[in-house]
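Structure assessment
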Amino acid sequence: MVIQDDDGLGSADSGPMGGGGDNSEMFRKFVQEHFKAFLKPVAQHVEDIRTDLSDLRSLVKSINASFSERVGMDEAKLAKTMQDLASLGAEHDKESSNRANDMATMSRRLGSTEGACQAATVSVQQMEVRMDATVNGLEAMKQALENSTSNANRLQLKHWQTQSLAQKLESTLAELKDEHLALCERHTTLVRSLNQTQQGADSQRLTLGALNSKVESTDKKTAEQVDSLSNRMLVLDRAFSKVKDVQLEQSKEVMAMPAELKRKRETAEELSFPKNKIKILLLEGVSARGIKMLQDAGFQVEALKTALTEEELLVKIKGLHILGIRSKTQVSKKVIEASDKLLAMACFCIGTDQIDLKAAQDNGIPVFNAPFANTRSVAELIIGNIVGLSRKIGDCTAAMHRGAWFKQAIGCFEIRGKTLGIVGYGHIGAQVSVLAESMGMKVVYWDVIPKLPMGNATQISTLNELLAHSDFVSLHVPNLPSTKNMIGKEQFAQMKKGSFFLNASRGNVVVIPDLAAALKSEHLRGAYVDVFPTEPGKNGENLFESELRGCPNTLMTPHVGGSTEEAQAMIGEEVAAALLKCINEGSTYGAVNFPEVDMKKDGTMATHRLLIIHENTPGVMSSINNVFTEAKANICQQFLNTKGSVGYVVMDINVEASMEVKKKLANMDTVLKVRVLY
């Protein structure tokens, strides 16, 4: 704290804490520099006054010289001037004396300040002593605190050890309790088991008695059954003797048969073509179930995972009896006409447009498919993509694969209450209708012929009316000339703005560039497409090109509508079963391009079956019947049907006439193929 003295200067009764003599010396130097700065202008002022006095004296001398030179100057004036000058000199001397007194006062004050600095230094030294004592006290307290902390740590460690020991004791006690309870339970269980064992023993005694009674009864019944079997054996022996007698008589008849007729019979018995020589080629990864069915029947089966080109098929078709494909392989008229032994073809899928059906029919080759096996798979895929489009699943998935995160509800809808328009109300369209209604959708459909609706579906009279009223439009139409490019720019313009479009039927029923334009203009809110006008013939990267790539909210799949394990297994079984009936019985039931004939076998196995494929022209059956009449063949049963330009008749005739009839029929111009099945 600083206290002002009478002179306006300060004296310190205490100094700054810490620092000792260094701070005192700094304070003294500060005071000296302060007073030096204060005295410097005073000294300068005194020096200026002295300079002025010197100048005045010089002026007086000059004036005296000037006056002495003047002649006739007034003595009085000169005396007065001298007096004034003397007075002025006295004033200057007085002022100089005052200045000197000020200097003395300044010196006294400086001395007083130095004394105050010395006193402050002493005070600082005393405080340093007190600070040293305080520091020593704090050090002692610190040491005592450390000792206390060490003791506390040891006590805490002992506390923790005690707690750990207590926990171990509690755990041990709990284990002992559990063991005690377990022992009690085991004791109870043993007692219960002992009781049950005793009860079981009693029961077994009773059961043993009952079994003894049953054994006695069974022995009686067994004896009766043995007697009955003995009687039946006698009857069978008599029947076997009769069969042997019949066979002996037949042998005698054969021995007595004319040589020509005997030769015909022996030749006819060799007509059946061995199954292990029938060659079957299956392409595009046909289901293993279908392959196994054909292999188990004894046929030569070659199964490939990929499709074949026309050039490759032209090589493979030679000597082939059955060809099975899926959707990628294209069987042209050229391939069909190059075949020399082809009996039938099969599409292990729904569609058959990959085969030239007319060429197959003209060459007497039936084509089979599986029109219903994958119905459910396609219908489920359509329903799933309806939900996916309404929730923008495709765009969301692509964005998240890029690392983006856009959570929003704008443009996403429930499908409940929305209208689904189905174009083509066949098996798949009807199945889609049922599934959509179960999810709360309103269903309308359009077909070229009246169809019975499933559930609450409503048939619409025109396609444009369906397009204008539907929130979702799904195509399920066959590949026909009338369906090619049936949905294009005009039809998309008829659809509601913001609606959705789906196609899992045929690739050429939609004009793809027009669909892409409708999506990019946002007239359509989204689309799902599974089939395309041009599809790659094999799997791999960088094979697919389409205007739909990059379109907003557009889901695409590589023609997998029916590609589920369940569907492929059912397709394999269905088509393989149809081929087996065709090869073994001549049945064409289910053929898409051929007259459907399905005649049961003759149970006596005393006939041969002839399969006759002929032109569907007037009088052809009369000519065929004449052949049988001339050969005096006995027709046991026959089944005739025609389709388009082809007729197909299956006949069971007596063995003796089969070879002769086949030769005559083969020479007829109106007969395309003749085959003796068995």
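The notes below deal with the structure included here. (Residues numbered from 1 in each chain as written. Predicted model: local features only at pLDDT ≥ 70, side-chain atom pairs only at ≥ 80, totals over all residues. Heavy atoms only, no water.)

1. Comments concerning the overall build of the protein
A tally of helices and strands in the protein yields 16 helices and 18 strands. When the 678 residues of the protein are sorted by exposure, 33% land in the buried category. Partitioning the intrachain contacts of the protein with sequence separation of at least 6 by distance along the chain shows that 66% fall at a separation of at least 24. Counting only carbon and sulfur atoms, one obtains 56% of the accessible surface of the protein, whose full area is about 41,200 Å². (Helix = DSSP H or I, 4+ residues; strand = E, 2+ residues; numbered from the N terminus. Buried < 20%, exposed > 50% of the residue type's maximum accessible area, 1.4 Å probe, protein only. Contact = heavy atoms within 4.5 Å. Areas by Shrake-Rupley, 256 points an atom, 1.4 Å probe, with all protein chains shown as cover.)

2. Overview of the pattern of salt bridges
Counted according to the given criterion, the structure contains 15 salt bridges. As a salt-bridge pair, Lys333 and Glu337 come within 3.9 Å of each other at their nearest N and O atoms. Here Glu337 and Lys333 lie together in helix H6 (residues 333-338), a separation of 4 residues that amounts to about one turn. The class for Glu337 is partly exposed, based on a relative accessible area of 49%. (Salt bridge = Lys/Arg side-chain N within 4 Å of Asp/Glu carboxyl O.)

3. Observations regarding unusual backbone geometry
Phi at Glu284 takes a positive value of approximately 70°, unusual for a residue other than glycine. Looking at the secondary structure, you find Glu284 in the loop between strand E3 (279-282) and helix H4 (288-296). For Asn485, which is not glycine, the phi dihedral falls at a positive 55°. By secondary structure assignment, the location of Asn485 is in the loop between strand E11 (472-475) and helix H12 (489-494).

4. Brief notes about the sheet that holds E11
With parallel pairing, the 7 strands of this open sheet are ordered in space as E10-E9-E8-E11-E12-E13-E14. Of all the strands in the sheet, the pair left with one neighbour each is strand E10 (458-459) and strand E14 (554-556). Here strand E9 (residues 442-446) runs beside E10; their pairing, made up of 2 bridges, is parallel. Following the sheet pairing, Tyr445 is matched in E10 by Gln459. (Pairing = 2+ DSSP bridges.)

5. Examining the side chain of Thr352
One can find Thr352 in the loop between strand E6 (344-347) and helix H7 (357-362). The exposure class assigned to Thr352 is buried, which follows from its relative accessible area of 11%.

6. As for the nonpolar core
Among the nonpolar cores identified, the biggest contains 33 residues, and Leu294, Phe348 and Leu579 are the most heavily contacted of them. When contributions to this core are tallied by element, the ones reaching two or more residues are E3, H4, E6, helix H14 (565-585), strand E15 (607-615) and strand E17 (646-654). If you tally residues by element for this core, the top one is H14, at 8 residues. Look past the residues within four positions of Phe348 in its chain and what remains in contact with it is Leu282, Val286, Gly324, Ile325, Arg326, Gln568, Ile571, Gly572, Val575, Ala576 and Leu579. Counting residues in each nonpolar core, the second largest holds 28 residues, with Trp446, Leu475, Val509 and Leu548 among its members. (Core = buried A, V, L, I, M, F, W, Y, C linked by side-chain atoms within 4.5 Å.)

7. Concerning the sheet that holds E17
Spatial strand order, E16-E17-E15-E18: 4 strands in an open sheet with antiparallel pairing. Here the strands that pair on one side only, and so sit at the sheet edges, are strand E16 (635-643) and strand E18 (671-676). Strand-to-strand, the axes of this sheet are offset by a mean angle of 15°, without reference to chain direction. The pairing of E15 with E17 spans 9 bridges and is classified as antiparallel. Residue pairing for E17: Thr607 is matched across the bridge by Asn654. Across the sheet, helix H15 (residues 620-630) touches E15, E16 and E17, and the angle it forms with E15 is around 150°. (Axes fitted to C-alpha atoms, helices over the stretch in contact; angles between N-to-C directions.)

8. Looking at the packing of aromatic side chains
According to the stated counting rule, one finds 5 aromatic pairs in the structure shown. Measuring from centroid to centroid gives 4.9 Å for Phe532 and Phe544, while their planes differ by 65°, and the two rings are edge-to-face. Of this pair, Phe532 sits in the loop between strand E13 (524-529) and E14 while Phe544 is found in the loop between E13 and E14, placing the two residues 12 residues apart along the sequence. Looking at Phe532, the relative accessible area reads 8%, which means it is buried. (Phe/Tyr/Trp six-rings, centres within 6.5 Å; stacked < 30°, edge-to-face > 60°.)

9. A look at the packing of helix H8 (residues 375-390) against helix H10 (residues 427-438)
As a packed pair, H8 and H10 sit with axes 9 Å apart at the nearest point and diverge in direction by 50°. Viewed along their axes, H8 and H10 adopt a mutual orientation that is oblique. H10 is crossed by H8, and the crossing has right-handed handedness. Here H8 contributes Thr375, Arg376, Val378, Ala379, Glu380, Ile382 and Ile383 to the contact with H10, which in turn contributes His427, Ile428, Gln431, Val432, Leu435 and Ala436. The residue makeup of the contact of H8 with H10, split by class, is 8 nonpolar, 3 polar and 2 charged. (Parallel < 35°, antiparallel > 145°, perpendicular 65-115°, else oblique. Left-handed = near helix turned anticlockwise from the far one by under 90°. Nonpolar A, V, L, I, M, F, W, Y, C, P; charged D, E, K, R; others polar.)

10. Digging into the pairing of strand E12 (residues 499-503)
In terms of residue burial, E12 counts as a mostly covered element, since 5 of its 5 residues are buried. Covered by surrounding structure in E12 are Ser499, Phe501 and Asn503 together with Phe500 and Leu502, the residues of both alternating faces. Pairing geometry for E11 and E12, over 4 bridges, is parallel. Counterpart to Phe472 in the pairing with E12 is Phe500. Once the chain exits E11 it traverses H12 before rejoining the sheet at E12, and the crossover so formed is right-handed. Pairing between E12 and E13: 5 bridges, direction parallel. Residue pairing in the sheet places Phe501 in a bridge with Ala527 of E13. For the segment spanning E12, helix H13 (residues 512-520) and E13, crossover handedness is right-handed. (Right-handed = clockwise from strand over helix to strand, strands pointing away.)

11. A closer look at H13
Looking at H13, one finds that the buried residues are Ile512, Leu515, Ala516, Ala518 and Leu519. The buried residues of H13 all sit within an arc of 160° when viewed along its axis, so they share a single face. In this fold, the buried residues of H13 make contact with H12, E12, E13 and E14. Where H13 terminates, the next one or two residues include Glu522, which has phi positive at roughly 65°. (Arc of directions from axis to C-beta.)

12. Concerning H15
Turning to H15, its buried residues are Val620, Met621, Ile624, Val627 and Phe628. The buried residues of H15 occupy an angular sector of 115° when the element is viewed end-on, so they sit on one face. In H15, the exposed positions angled more than 90 degrees off the buried face are occupied by Thr629 and Glu630. At the C-terminal side of H15, Lys632 shows a positive phi close to 50°.

By themselves, these observations are geometric and do not establish any function.
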